[in-house]
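Here is what each chain is made of, one letter per residue.
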Amino acid sequence: MAGLRSTKGNVMVCLTTAPDHFPDCQDDPAARKATVRATTAATMRFDWLPSADYAVALVHDENGNGKLDTFVGMPREGFGFSRNPAIRFGPPRFASARFAVGGGVVAEQVKVKYLL
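Below you will find a few notes about this structure. All values derive from a computational prediction rather than experimental measurement.

### What about the side chain of Ser82?
Next up, step 1: With respect to the helices, strands and loops of the structure, Ser82 is situated in the loop between strand E6 (78-81) and helix H1 (94-97).
Next up, step 2: Within the structure, Ser82 has its side chain in polar contact with the backbone oxygen of Ala97 (distance 2.5 Å).

### Section: the packing of aromatic side chains
Next up, step 1: Considering all chains together, one arrives at four aromatic pairs under this definition.
Next up, step 2: An aromatic cluster is present here, built from Phe22, Phe79, Phe81 and Phe94 joined pairwise through their rings.

### Details of the side chain of Asp61
Next up, step 1: Counting through the fold element by element, Asp61 comes out in strand E3 (residues 52-61).
Next up, step 2: Of the side chains with opposite charge, Arg37 lies nearest to the buried Asp61, which makes no salt bridge, at 8.1 Å.
Next up, step 3: Here the side chain of Asp61 touches Gly66 through a polar contact of 2.7 Å, landing on its backbone nitrogen.
Next up, step 4: For Asp61, the contacting residues outside a window of four places in its chain are Lys8, Gly9, Asn10, Met12, Gly66, Lys67 and Glu77.

### Section: the pattern of salt bridges
Next up, step 1: The full count for this structure, using the stated rule, is two salt bridges.
Next up, step 2: Arg45 is the partner of Asp47 in a salt bridge, and the nearest nitrogen-oxygen pair spans 2.6 Å.

Reading guide: rules and limits
Residues numbered from 1 in each chain as written. Predicted model: local features only at pLDDT ≥ 70, side-chain atom pairs only at ≥ 80, totals over all residues. Heavy atoms only, no water. Helix = DSSP H or I, 4+ residues; strand = E, 2+ residues; numbered from the N terminus. Polar contact = N/O pair within 3.5 Å; in protein donor to acceptor, adjacent residues only side chain to side chain. Phe/Tyr/Trp six-rings, centres within 6.5 Å; stacked < 30°, edge-to-face > 60°. Buried < 20%, exposed > 50% of the residue type's maximum accessible area, 1.4 Å probe, protein only. Lys, Arg positive; Asp, Glu negative; His and termini not counted. Salt bridge = Lys/Arg side-chain N within 4 Å of Asp/Glu carboxyl O. Contact = heavy atoms within 4.5 Å.

The structure is reproduced here in structure tokens:
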């Protein structure tokens with residue numbers, strides 16, 4: 001991941017194969033989630049993934065409250081998605097962040113964006 005504006009708080013990551021549960025992975029029993037300190041979040045690794053199409057969403061939870069804080073509907077904290085799709089109104093669709101995993105190591109560089 002690249003572009004954290006500070007080392008405060010945590011980075012929360014969600015990895016899913018389910019378009020209906022992207023980007024928050026809520027109610028997705030098969031999603032892989034991780035929360036790590038921002039000081040150690042440069043690289044995250046998910047091992048033993050079955051071959052499938054995946055998408056990653058992450059939040060830089062700078063104040064450590066376990067959620068993406070917003071102001072008038074706009075994120076106050078950093079966020080990012082696999083394949084770094086353009087952000088317009090709301091989060092991207094699964095198809096824009098989708099990447100394939102199958103039989104080897106796959107690296108996704110997620111750029112963290114801040115709107116406020």
